[in-house]
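Examination of the molecular architecture
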Amino acid sequence: MSHLFSNEMRFHTWRKLWLNLAIAEKELGLPISDEAVQEMEANLYLDENQFAVAAAEEKRRRHDVMAHVHTFGTVAPSAAAIIHLGATSCYVTEGVKGTTGTQASFLALFDGNHEKVLALDKRVTELMGFAYAYPVTGQTYSRKIDVDVLAPLASLGATAHKIATDIRLLANLKEVEEPFEKDQIGSSAMAYKRNPMRCERVCSLARHLMVVYQNTLLTSSVQWFERTLDDSANRRVTIPEAFLTADIVLSTLQNISEGLVVYPQVIARRISEELPFMATENIIMAMVKAGGDRQEAHEQIRVLSHQASAVVKQEGRPNDLIARVKATEYFKPIHDQLDSLLDPSTFVGRAPEQVDEFIRDLIAPVREQYKAQLSSAQEVQLTV
C-alpha cells in the first residue's frame, strides 16, 4: 500500500498516462514520431536525478504537473513538444476531458472530428486497463466518487473497532489475550501488566479511519459549480491516509488473530459462575412441565436469584442459587433434573451448526475465489 501511494508510483503513473495519450493520439493521426513514443516508453520510471530535476522545476514553476512535464522531456527529448498534448493538469488524475470537461482542446486537435475525440477517450481508457470511463464530468470527476470510495473503508473502521474492543473486554476478563511477546513490556511502572496494545492501536487507528472519511463528504459538498481548487490539497492527504490506515488496521488485526490466545478454563469458570442465573428460565419451564404455575415459579426463582446475587455482590462469596433451589420445598418436583438443566451445552442452541454453515456457505466460496492470493499470504510481523 505504501508503494501504491509513493512518489515513485505516482509519477510513474503520470508518465504512463502521458505515454498512452501520445500512443492514442498517434494512432488517431496526430504527427507524433516513433522516436517520441520509444523514448517515453524507455523512461517511465524516475531515478534520483529525475526526482531532483522535478523538485527544482516545481520550486521554480510552483506547478507539479508542469514540473514533471518538463522533467519527462529531459529524458524523452523527441517527445518534449507533445507530452501532455491537449490535456489539462487534471488529466493525470481525472481523464481525457480537457480544461472544463468539454474536450474542446482535443476537438481542436482533431479539427472538429467528434468521433476521433470519442475514440481517443476510449483508447486511453483501454490502454490504462480500465473497462470504462465516467461518461459525463467536468474537468474532474465528481468528488462524490471519493465519498463512495472511502465509505467502505470507514465501514471497515467501525468493524475493526468493534472487533478490537470486544477482544479488549475479553482480555479484561482474562478469557482471551492478543499475542504477547516473551520480552514484551506492558508498563514501565507496573511490571505485571499485559496491555492489549495491538487492539488499542486498532481502535485508535480505526477511529481515525472513520473520521478521515468525513473529509470527502465536506469536500464534495462545498464544490463550486463544477469544481473548486480547494479540493486538491485535502484529497492528496485524505485519500492516501484512508487507504494506508485501512492497510495497517487490517495488518494488525491479522497479527492479532494469528496469535490470539484463548483460556478455556477461565471461560469455564466464568460460565459456571453465571450459569445458575442463566438457567432460571429452564427451571421455570421444568416446573411448569411438572404441573406448577408459571407465575408462581417465576416469583419463587426471582426471590432466590436476588438473594444469591446479594451473596455474590455484597459478601464476595460464590453464587449459591442452585443450593437455594435445592433447599426450597417448592422446587422439589425438579430437584433430580437440576444437573441436566445446568448443562452448558443446552444453552448454545444451533450456534455450532450456524458457525459451520456460515463457513461452508459464505467464507469457503470467498476463500476459493481468492485461492491464489491466499496461497502466497504471509504472517504479519509487527516490530512496534
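Keep in mind the model is a prediction, meaning the values are calculated, not measured. (Residues numbered from 1 in each chain as written. Predicted model: local features only at pLDDT ≥ 70, side-chain atom pairs only at ≥ 80, totals over all residues. Heavy atoms only, no water.)

**What to know about the overall build of the protein chain**
Within the protein chain, the regular secondary structure consists of 16 helices and 2 strands. If you line up the protein chain on its principal axes, its C-alpha atoms span 105 × 50 × 40 Å. A fraction of 69% describes how many contacts in the protein chain between residues 6 or more apart in sequence connect residues 24 or more apart. Carbon and sulfur atoms make up 56% of the accessible area of the protein chain, which totals about 23000 Å². The centroid of the 40 positive side-chain charges in the protein chain is displaced by 4 Å from the centroid of its 50 negative side-chain charges. (Helix = DSSP H or I, 4+ residues; strand = E, 2+ residues; numbered from the N terminus. Contact = heavy atoms within 4.5 Å. Areas by Shrake-Rupley, 256 points an atom, 1.4 Å probe, with all protein chains shown as cover. Lys, Arg positive; Asp, Glu negative; His and termini not counted. Charge placed at Lys NZ, Arg CZ, Asp CG, Glu CD.)

**A short note on the pattern of salt bridges**
Side-chain pairs of opposite charge can arise where the charged atoms are in close proximity. In this structure the tally under the stated criterion is 18 salt bridges. With its nearest N and O atoms 2.4 Å apart, the salt bridge here joins R61 to E57. One end of the pair, R61, and the other, E57, are both in helix α3 (residues 48-61), 4 residues apart, so they sit about a helical turn from each other. A residue is classified by how much of its surface remains accessible, and E57, at 16% relative accessible area, is buried. Taken together, the salt bridges that share partners define one network made up of E27, R123 and E126. (Salt bridge = Lys/Arg side-chain N within 4 Å of Asp/Glu carboxyl O. Buried < 20%, exposed > 50% of the residue type's maximum accessible area, 1.4 Å probe, protein only.)

**What about the confidence of the model for the protein chain?**
Per-chain confidence: the protein chain averages 92 in pLDDT, with 97% of residues scoring 70 or above. Across the protein chain, the secondary-structure element scoring lowest on mean pLDDT is helix α14 (residues 338-341), at 90, and the one scoring highest is helix α2 (residues 34-41), at 98. (pLDDT = per-residue confidence, 0-100.)

**Structural notes on the packing of aromatic side chains**
Between two aromatic rings, the relevant description is the distance of the centres plus the angle of the planes. The full count for this structure, using the stated rule, is 8 aromatic pairs. An angle of 80° between the planes, with centres 4.9 Å apart, marks the rings of F11 and W14 as edge-to-face. Here F11 pairs with W14, and both are found in helix α1 (residues 7-27), just 3 residues apart, close to one helical turn. Take W14: its relative accessible area is 2%, and that puts it in the buried class. When the centroid spacing of 5.1 Å and the interplanar angle of 85° are considered together, the rings of Y330 and F331 count as edge-to-face. For Y330, a relative accessible area of 23% puts it in the partly exposed group. Every member of this aromatic cluster is reached through a ring pair, and the members are F11, W14, W18, F51 and F72. Positioned over the ring face of Y141 is R143, at 4.9 Å from the centre of the ring. (Phe/Tyr/Trp six-rings, centres within 6.5 Å; stacked < 30°, edge-to-face > 60°. Lys NZ or Arg CZ within 6 Å of the ring centre and 35° of its normal.)

**Brief notes about the environment of A308**
Along the chain, A308 turns up in helix α12 (residues 294-315). Between the C-alpha atom of A308 and that of G259, which follows or precedes it by 49 residues, the distance is 38 Å. Dropping the residues within four chain positions of it, A308 is found in contact with F277, N319, D320, L321 and R324.

**Comments concerning the environment of I239**
For I239, the position within the fold is in helix α9 (residues 232-258). Among the residues examined, I239 registers a relative accessible area of 16% and is labelled buried. Expressed as a C-alpha distance, the spacing of I239 and V212, which sit 27 residues apart in the sequence, is 8.6 Å.

**Here we look at the state of the cysteines**
What the rule picks out here adds up to 0 disulfides. Note on C199: no disulfide assigned, nearest cysteine sulfur contributed by C203 at a separation of 6.8 Å. In this structure C199 comes out as buried when scored by relative accessible area, which is 0%. (Disulfide = S-S within 2.5 Å.)

**Considering unusual backbone geometry**
Positive phi outside glycine occurs at R62, with the angle close to 55°. By secondary structure assignment, the location of R62 is in the loop between α3 and α4 (64-75). Even without being glycine, K174 reaches a positive phi, approximately 65°. Turning to its location among the elements, K174 is positioned in the loop between α7 (144-172) and β1 (176-177). Take K174: its relative accessible area is 58%, and that puts it in the exposed class.

**Focus on the nonpolar core**
Grouped together as the largest cluster of nonpolar side chains are 34 residues, with contacts concentrated most on W18, M40, Y91 and L120. Listing elements by their share of this core, those giving two or more residues are α1, α2, α4 and α6 (114-127). Looking at which element gives the most residues to this core, the answer is α1, with 9 residues. Excluding its chain neighbours within four sequence positions, the residues that come into contact with W18 are M40, V65, H68, V69, F72, I83, H84, Y91 and V92. Of all hydrophobic cores here, the second largest spans 18 residues; its members include M287, I301, L304 and A308. (Core = buried A, V, L, I, M, F, W, Y, C linked by side-chain atoms within 4.5 Å.)

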